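Examining the three-dimensional arrangement
Each chain, written out:
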Amino acid sequence: MFLRWTRRLAIGLAVVAIMSLFLMMLQTVIDVLASNLAGRPIPGNLEIISVYHMVLVVFLPLAFVELKKEPIAVDLVYRMLPEAAQRWVLVASYLVTAAFFGLLTWQTGADALRSFRMHEMIMGAVFLTIWPAKLALPVGFAAALLMVVANAWQAATDPGFNPSPDVPEDIES
């Protein structure tokens, strides 16, 4: 049940990131059209895109990357180990990664809370409240933490667990 819930969370956050990416593209197109056709660009467009959309697009899909088993990995020594050792090295690496994501969740959560309490804003072309965007970091890191813990559990308990990304059938040949 934990694995199913974590997968749904990862997919849900990835969907939010995709929607934000789409809105960022739409907002950019509208800004270019408004600027060139009417001479009136969207006020604060750059700030809105960089503070909100880019943050959502980068941090929310972290758990989905873990779900698809596609983080950057260097496995030169790992592949030379016996299969039993590979499994425990994999579990240990997941646990180290979980600790890292845990620290990131803790620190970015504290930063987001501080930002919320201050009602933090930036000044650019417009004043923009930034504390809501800061919430995306601990949410993304916490979801990645849960996915890594789920992967560690699978690696420890399922002898058939494969840490490699799934290869589409049309590429295998």
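Because the structure is a prediction, the values reported are computed rather than measured.

Between helix α2 (residues 45–59) and helix α6 (residues 136–157), the least distance of the axes is 9 Å, while the angle of their chain directions is 10°. With respect to their mutual orientation, α2 and α6 come out roughly parallel. On α6, the residues that touch Val 55, Leu 56 and Phe 59 of α2 are Ala 136, Leu 137, Gly 140 and Phe 141. A class-by-class count of the residues in the contact of α2 with α6 yields six nonpolar, one polar and no charged.

Now for the packing of aromatic side chains. Following the criterion strictly, the structure yields five aromatic pairs and no others. Here the aromatic rings of Phe 59 and Phe 141 are separated by 5.5 Å at their centres, their planes lie at 75°, and the arrangement is edge-to-face. Separated by 82 residues along the polypeptide, Phe 59 in helix α2 and Phe 141 in helix α6 bring together distant segments of the chain. Using a relative accessible area of 21% as the deciding quantity, one classes Phe 59 as partly exposed.

Counted according to the given criterion, the structure contains two salt bridges. Here Asp 111 makes a salt bridge to Arg 114, at a shortest N to O gap of 3.0 Å. Of this pair, Asp 111 and Arg 114 both sit in helix α4 (residues 83–118), three residues apart, which is roughly one turn of the helix. By relative accessible area, which is 43% here, Arg 114 ends up partly exposed.

To continue, consider a nonpolar patch on the surface. A cluster of nonpolar side chains, Leu 21, Phe 22, Leu 23, Met 25, Leu 26 and Ile 30, forms an exposed patch at the surface whose accessible area comes to about 540 Å². Tracing the chain through its elements places Leu 23 in helix α1 (residues 2–38).

Here we come to the confidence of the model for the protein. Per-residue confidence for the protein averages 89 on the pLDDT scale, and 95% of its residues sit at or above 70. By mean pLDDT, the top-scoring element of the protein is α1 (95), and the lowest-scoring one is helix α7 (residues 169–172) (56).

Now for the environment of Tyr 78. Tracing the sequence through the fold places Tyr 78 in the loop between α3 (62–67) and α4. Through-space distance from the C-alpha of Tyr 78 to that of Pro 163 is 12 Å; in sequence the pair is 85 residues apart. Not counting residues within four places of it along the chain, the set of residues in contact with Tyr 78 comprises Gln 86, Val 89, Leu 90 and Pro 163.

Before going further, it helps to examine unusual backbone geometry. Notably, His 119 is not glycine yet its phi reads approximately 55°, a positive angle. Looking at the secondary structure, you find His 119 in the loop between α4 and β1 (121–123).

This part takes up α4. Compared with the 52 Å implied by 1.5 Å per residue over 36 residues, the 52 Å span of α4 between its first and last C-alpha is a close match. Along α4, the residues that are buried comprise Gln 86, Leu 90, Val 91, Tyr 94, Ala 98, Phe 101, Thr 105, Thr 108, Ala 112 and Ser 115. Where the residues of α4 are buried, they touch α3, α5 (131–134) and α6. His 119 lies just past α4 and shows a positive phi near 55°.

Axis separation between α1 and α6 bottoms out at 10 Å; the angle between their running directions is 145°. Considering only the axes of α1 and α6, their crossing is left-handed. Every residue of α6 that contacts α1 at Phe 2, Leu 3, Trp 5, Thr 6, Arg 7, Leu 9, Ala 10 and Leu 13 is listed here: Val 139, Ala 143, Leu 146, Met 147, Val 149, Ala 150 and Gln 154. In the contact of α1 with α6, the residues fall into 12 nonpolar, two polar and one charged.

By the secondary structure assignment, Ser 20 is in helix α1. You can call Ser 20 buried: its relative accessible area is 4%.

The rules behind these values
Residues numbered from 1 in each chain as written. Predicted model: local features only at pLDDT ≥ 70, side-chain atom pairs only at ≥ 80, totals over all residues. Heavy atoms only, no water. Axes fitted to C-alpha atoms, helices over the stretch in contact; angles between N-to-C directions. Helix = DSSP H or I, 4+ residues; strand = E, 2+ residues; numbered from the N terminus. Parallel < 35°, antiparallel > 145°, perpendicular 65-115°, else oblique. Contact = heavy atoms within 4.5 Å. Nonpolar A, V, L, I, M, F, W, Y, C, P; charged D, E, K, R; others polar. Phe/Tyr/Trp six-rings, centres within 6.5 Å; stacked < 30°, edge-to-face > 60°. Buried < 20%, exposed > 50% of the residue type's maximum accessible area, 1.4 Å probe, protein only. Salt bridge = Lys/Arg side-chain N within 4 Å of Asp/Glu carboxyl O. Patch = residues over 30% accessible without salt bridge, like charges linked within 9 Å, V, L, I, M, F, W, Y side chains within 5 Å. Areas by Shrake-Rupley, 256 points an atom, 1.4 Å probe, with all protein chains shown as cover. pLDDT = per-residue confidence, 0-100. Expected span 1.5 Å × (residues − 1). Left-handed = near helix turned anticlockwise from the far one by under 90°.

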